[in-house]
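# Architecture at a glance
The chain contents come next:
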Amino acid sequence: MADTKREIERKYESDDSGLPDLTGVAGVAAVLDKGVAHLDATYYDTADLRLAAASITLRRRTGGSDAGWHLKFPVAPGVRDEIQAPLADTVPPALASLVRSRVRDTELLPVVRLRSERDVRDLVDADGRLLAEAGVDAVRADRLLGGDASAQWTEIEVELADGGDPAFLDTVEKRLRRAGVRPSKATSKLARALAETAPRDKGGKAGKTGKAGKAAKGAKGGPAGPPRSGRGNPPGAPVTAGDHVLAYVTAQRDALVALDPAVRQDAPDSVHRMRVATRRLRSALRSYGRILDRTVTDPIGEELKWLAGELGVDRDREVLTEHLTAALDGLPRTLLSGPVRTRLRTWARARRGGSRRRLVGVLDSKRYLALLDTLDALVAAPPLRKAAAAEPGPTLAKAVRKDFGRVGALVEAALGLAPGQDRDLALHEARKKAKRTRYAAETAVPALGDPASVLVKSMKTLQTGLGDHQDSVMARLTLRELSAVAHAAGESSFTYGVLYGREEQRAADVERELPQTWKEIKEGTAV
């Protein structure tokens, strides 16, 4: 079983003079000498260093107090989530699965060996409580893949104690800076090792096979290069309409890949965020068909729809359960009749059995991994149409206006229908188109500025209102189901009827306010 902890640390350059005196740092009552630890770590990656390119490290380490396998994901500068597993000869399956979205079917190989002599000091307060661990590391790095170069250096590392206040590291850093110590330019030991042992050409520069140079700097990996820039634009800034769309598509592809480990670990809100990324990506492919050839992207869109559906199997029921539970909590006791909460919990859990295993199975499936490969290929060699080379403003605005027009037609058609199932279906379609228009406008914000930003907010407002309406529709269907089951069991169905009536009123309120909401949106749209 893998264990996870948040690692907050800072690294500094060292001139081999050792650790400056930290006894005067505010809050530090004593600096305890913990001796020298001998650490031996082998880092694993793909041959093209996909993990390093994403600032992810996977190592097998012996020595010290935490020997074993360590997988680290970047969270913020100096902050990483470390997932540990017991020492074994091969990569533990629990850790291998967490990097599958990046590794796919590629073999993980030893790439670098780091041996360190760590002179450790504990910084403790007046009660003897550990505040941070400071150490001076004498490091030797040996390249194991893509060359046989070696490098040596000394660095200072200060790691915050579990649950400590990150501000304490600021205090320590002030003292280190006054002593002439400066922050390390490398983001990690592995990054420095890859940079300093990268293959060199005859001129002494990193050779063509030295992807490690980019990886060592923490550059985002991926098969596609950055959008080209034009005169007066920062390097990598989108210039053409195609650049803008590809930047958005790439960002959503990256989000899918990055969220995969969080979904596997059942991190809060991770499934929802991954599902949103699939929807954003699919919407962009559909909205910008004049830029990316839809004969190529439509099949990808169908696979994204499949993935969103798989991600939503439990999510929709979870959201509906939360809503109905809150509705029950809001009822006076006099309106509660029968074991309604128990019946709701039973319904909510009906499909939960094995759901985590099912979802992980989806993420391990050949179909899902093939989809990720297809997205990589799309970004690397996009099927650009003629309009992709055009100026972004007019081209993107035209696509956004087209989507907006479709939303308007659906809203007005729905309002022309009598309340009932047909109107409910029409409003649901309008909601989906509002979401698509919102994502199309998001894509265009860098090119169109405020008008697109305003439209994003307007579509979010419309989407929220229509989402409430659809939630009411689904809640009423569920309440009917629960009521029928309760009645068959000889239980009172009174409370279900009360909730049903309130959901009807909720939908009626949305429908009553919709004409004015839509009028304000039309008047405020300038795209």
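Residues numbered from 1 in each chain as written. Predicted model: local features only at pLDDT ≥ 70, side-chain atom pairs only at ≥ 80, totals over all residues. Heavy atoms only, no water.

### Some points on the overall build of the chain
Along the chain, the regular secondary structure elements total 16 helices and eight strands. Evaluated residue by residue, the chain yields a buried proportion of 46% over its 527 residues. Sequence separation of at least 24 residues holds for 71% of the intrachain contacts in the chain that already meet a minimum separation of 6. Working note: accessible area of the chain is about 25800 Å², and carbon and sulfur atoms make up 52% of it. (Helix = DSSP H or I, 4+ residues; strand = E, 2+ residues; numbered from the N terminus. Buried < 20%, exposed > 50% of the residue type's maximum accessible area, 1.4 Å probe, protein only. Contact = heavy atoms within 4.5 Å. Areas by Shrake-Rupley, 256 points an atom, 1.4 Å probe, with all protein chains shown as cover.)

### Things to note about the packing of helix 8 (residues 270-287) against helix 14 (residues 421-448)
In the contact formed by helix 8 and helix 14, the axes pass within 9 Å of each other and the chain directions differ by 80°. The orientation of helix 8 with respect to helix 14, classified from their angle, is roughly perpendicular. Contacts between helix 8 and helix 14 pair V276, R279, R280, S283, A284, R286 and S287 from the former with K435, R436, R438, Y439, A440, E442 and T443 from the latter. Here the residues of the contact of helix 8 with helix 14 sort into four nonpolar, three polar and seven charged. (Axes fitted to C-alpha atoms, helices over the stretch in contact; angles between N-to-C directions. Parallel < 35°, antiparallel > 145°, perpendicular 65-115°, else oblique. Nonpolar A, V, L, I, M, F, W, Y, C, P; charged D, E, K, R; others polar.)

### A look at the packing of helix 9 (residues 294-329) against helix 12 (residues 366-380)
Their axes nearest at 11 Å, the elements helix 9 and helix 12 cross at an angle of 140°. By the angle class used here, helix 9 and helix 12 are oblique. Seen along the crossing, helix 9 lies across helix 12 with a hand that is left-handed. Two secondary-structure elements touch here, helix 9 through T297, I300, E303, L304, W306 and L307 and helix 12 through R367, Y368, L371, T374, L375 and L378. The residue inventory of the contact of helix 9 with helix 12, partitioned by class, reads eight nonpolar, two polar and two charged. (Left-handed = near helix turned anticlockwise from the far one by under 90°.)

### Considering the pattern of salt bridges
What the rule picks out here adds up to 52 salt bridges. R343 is the salt-bridge partner of E491, the closest N and O atoms lying 2.6 Å from each other. Separated by 148 residues along the polypeptide, E491 in the loop between helix 15 (450-488) and helix 16 (494-524) and R343 in helix 10 (residues 340-349) bring together distant segments of the chain. Ionic contacts of the salt-bridge type, sharing partners, join the residues E7, E9, K11, K72, R80, E82, R118, D137, E155, E157 and K189 into one network. (Salt bridge = Lys/Arg side-chain N within 4 Å of Asp/Glu carboxyl O.)

### Let's talk about the pairing of strand 2 (residues 30-45)
Remark: a regular strand shows side chains that alternate across the two faces of the sheet. One ladder, built from 15 bridges, connects strand 2 with strand 6 (residues 109-124); its direction is antiparallel. Considered in strand 6, the bridge of A37 is made with R118. Note that strand 2 and strand 3 (residues 57-62) share four bridges and pair antiparallel. Opposite D40, over in strand 3, you have T62 as the bridge partner. (Pairing = 2+ DSSP bridges.)

### Considering the sheet that holds strand 5 (residues 79-85)
Overall, antiparallel pairing links the eight strands, which are arranged 1-5-4-3-2-6-7-8 in a closed barrel. Each strand axis lies, on average, 35° off the axis of its neighbour in the sheet, ignoring direction. Against the sheet, helix 5 (residues 189-196) contacts strand 1 (3-13), strand 2, strand 3, strand 6, strand 7 (130-143) and strand 8 (150-160), and its axis sits at roughly 135° relative to strand 6.

### Let's talk about the confidence of the model for the chain
When pLDDT is averaged across the chain, the result is 91; 92% of the residues are at 70 or more. For the stretch residues 208-232, pLDDT sits under 50, and the model shows 44 contacts to residues farther than four places along the chain or on other chains. (pLDDT = per-residue confidence, 0-100.)

### Some remarks on a positive patch on the surface
A grouping of R290, R385, K398, R401 and K402 is seen on the molecular surface, where their side chains present a positively charged patch. Note on placement: R290 falls in the loop between helix 8 and helix 9. (Patch = residues over 30% accessible without salt bridge, like charges linked within 9 Å, V, L, I, M, F, W, Y side chains within 5 Å. Lys, Arg positive; Asp, Glu negative; His and termini not counted. Charge placed at Lys NZ, Arg CZ, Asp CG, Glu CD.)

### With respect to the packing of aromatic side chains
Inspection of every chain in the model, using the stated rule, returns two aromatic pairs. Their ring planes at 50° and their centres at 5.1 Å tell us that Y44 and W69 sit as a pair that is tilted. Of this pair, Y44 sits in strand 2 while W69 sits in strand 4 (residues 68-76), placing them 25 residues apart in sequence. The pair Y44 / W69 is uniform in exposure class, with both members buried. Lying over the aromatic face of W347, R317 brings its terminal NZ or CZ to 4.1 Å of the ring centre. (Phe/Tyr/Trp six-rings, centres within 6.5 Å; stacked < 30°, edge-to-face > 60°. Lys NZ or Arg CZ within 6 Å of the ring centre and 35° of its normal.)

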